[in-house]
Amino acid sequence: MTDIPAAAASPTPATPQPAVSPSIPAGTSTAPSPVPGQGGAPAHGGAGTADTDLVAAAVAAAGRGMVDREVVAEVVALCAVAGEHLLVVGAPGTAKSEAVRRVAGQLGGRYFEYLLGRFTEPNELFGPVDLRRLREGRVEFETGGMLPEADIAFLDEVFLGSTAVLNTLLGLLNERVFRRGGTVLASPLRVCVGAANHLPEDPELAAFADRFLARLFVEPVADARLEELLEAGHRPAPAPVSLPPAGGAAPHGAPGRPADLLGALDRLAAAARACDLTEVTPAVATALRRLRAAGVPVSDRRAVRSQRLVAAAAVLDGRDRATTRDLWVLPLIAPTADAQALARDTLADLIEKSANHNLVHAAEEMSRSAHARAERLARSAAALLAEHGALPGGPDSRLRLEGVLREIDAGFDPDDLPAVLAGVRADLVVAVSPT
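Residues numbered from 1 in each chain as written. Predicted model: local features only at pLDDT ≥ 70, side-chain atom pairs only at ≥ 80, totals over all residues. Heavy atoms only, no water.

**Q** Help me out: how do you make sense of the overall build of the chain in this one?
**A** Summing up its helical and strand segments, the chain has 16 helices and nine strands in all. When each of the 435 residues of the chain is scored for burial, the buried share is 51%. In the form shown here, the chain has an accessible surface area of approximately 19300 Å², with 55% of it arising from carbon and sulfur atoms. (Helix = DSSP H or I, 4+ residues; strand = E, 2+ residues; numbered from the N terminus. Buried < 20%, exposed > 50% of the residue type's maximum accessible area, 1.4 Å probe, protein only. Areas by Shrake-Rupley, 256 points an atom, 1.4 Å probe, with all protein chains shown as cover.)

Here it is, written out as structure tokens:
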């Protein structure tokens, strides 16, 4: 494995943290009922609907209460189903780690988090030497509770790791196998999220950075949403989504059992591997040629693996066959924020009909398409209507409903309103009308 030089100085390493997720009251998915073949509903059979709904509900719960970070939560789930890793780049204090913790807490399983630094020792991530084996003359490692046995991992300041750390990480991320000394362990890692304040300038780190197929670039919350951010800071953190009791549905009002959705995630990942890409392969090839011609660097490895994101998007949209509706994921493989903006412009005509019924924020952010915006507005409206119907009517609730209604009317011609919005707009009008 190629050596990677140590990066510049770093903060003091953190300690491993359990998957404790701050929490929003869990609930079922708030997405509107799909119309077959329209508005993002599966037009043909797909992966298990129950699994898709469970994961979608968990991701929605993780994103709820996080201002302008829903995209991070959704792309973590997308990458977990695709079997790829995610790099999140943004200034300190932009809730990168919080978003990942919430998703991990909702999905269940073993979670590992660490802040890397120049002096981080490999045993801080991978586990200490097994002293009992050492007495027998064998160098093996105790990996319990450490990164090699994690289902979801978050590595902050990921490019600041030492040569020894990054070299070991290369094999673990790429092959899902931990090799050190006499220890060889198949890792259950579904997704590793790396975070950094900025991309590394050292070209020798490129091989390591390339292991993170998807990239997200986050900015501080816009001034216009500061009130919303301050309100969210006072809310309690989310509880994990609950599943019905093993024997069937829970009685009304009875608590379900805590959710561990890794089984659902794995079934969706298997469905993604079996997803039919025949229809969309020519469009993907065209998109990749355009990106390269525009100067967006796309290695052969990233080109091939981009299909995994396309397949995962289709499966999380409830389909077993990918279409051009799923091409919104392609800007995610562009390596920098400027390159992603260029990718969106270059692929505008190919992704103009992109959308996803369950990853509404990510699909809209990456495609900027009217179809994706319609899906997001329909979902937001359905969630607000559900809250409005369950609570006594108040001015705050009505103002939020009016805000969504204004956004729908400003963005869409009434004579050409997407089917996914027609019904929910009528419900909004009724809800805000004086009684």
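**Q** Explain the packing of aromatic side chains to me, please; I cannot follow it from the model alone.
**A** Where two aromatic rings form a pair, the distance of their centres and the angle of their planes describe that pair. Scanning the model with the defined rule gives four aromatic pairs in all. For the pair phenylalanine 112 and tyrosine 114, a centre-to-centre distance of 6.1 Å together with 5° between the ring planes defines the contact as stacked. Tyrosine 114 matches phenylalanine 112 in its accessibility class, with the two residues each being buried. Ring plane angle 80° and centroid distance 5.7 Å describe the contact between phenylalanine 208 and phenylalanine 212, whose orientation is recorded as edge-to-face. (Phe/Tyr/Trp six-rings, centres within 6.5 Å; stacked < 30°, edge-to-face > 60°.)

**Q** Looking at this structure, how should I read helix 10 (residues 281–293)?
**A** Every α-helical turn comprises 3.6 residues, leaving residues that sit three or four positions apart pointing alike. With 13 residues, helix 10 should reach 18 Å at 1.5 Å per residue; the first-to-last C-alpha distance of 18 Å fits that figure. For helix 10, every residue scored as buried is listed here: Ala283, Val284, Ala287, Leu288 and Leu291. Projected down its long axis, helix 10 carries its buried residues within an arc of 135°, all on one side. The outward face of helix 10, more than 90 degrees from its buried face, is lined by the exposed residues Pro282, Arg289 and Ala293. The secondary structure elements touched by the buried residues of helix 10 are helix 11 (300–316) and helix 12 (337–346). Looking one or two places after helix 10, you find glycine 295, whose phi comes out positive at around 95°. (Expected span 1.5 Å × (residues − 1). Arc of directions from axis to C-beta. Contact = heavy atoms within 4.5 Å.)

**Q** How do you make sense of the pairing of strand 3 (residues 152–156) when you look at a structure like this?
**A** In the case of a regular strand, side chains alternate between the two sheet surfaces. For strand 3, the buried fraction is high: four of the five residues fall into the buried class. Sheet topology note: the strand 2 (residues 111–115)/strand 3 ladder contains five bridges and is parallel. Its bridge partner being in strand 3, tyrosine 114 is matched across the sheet by leucine 155. One ladder, built from five bridges, connects strand 3 with strand 6 (residues 191–196); its direction is parallel. (Pairing = 2+ DSSP bridges.)

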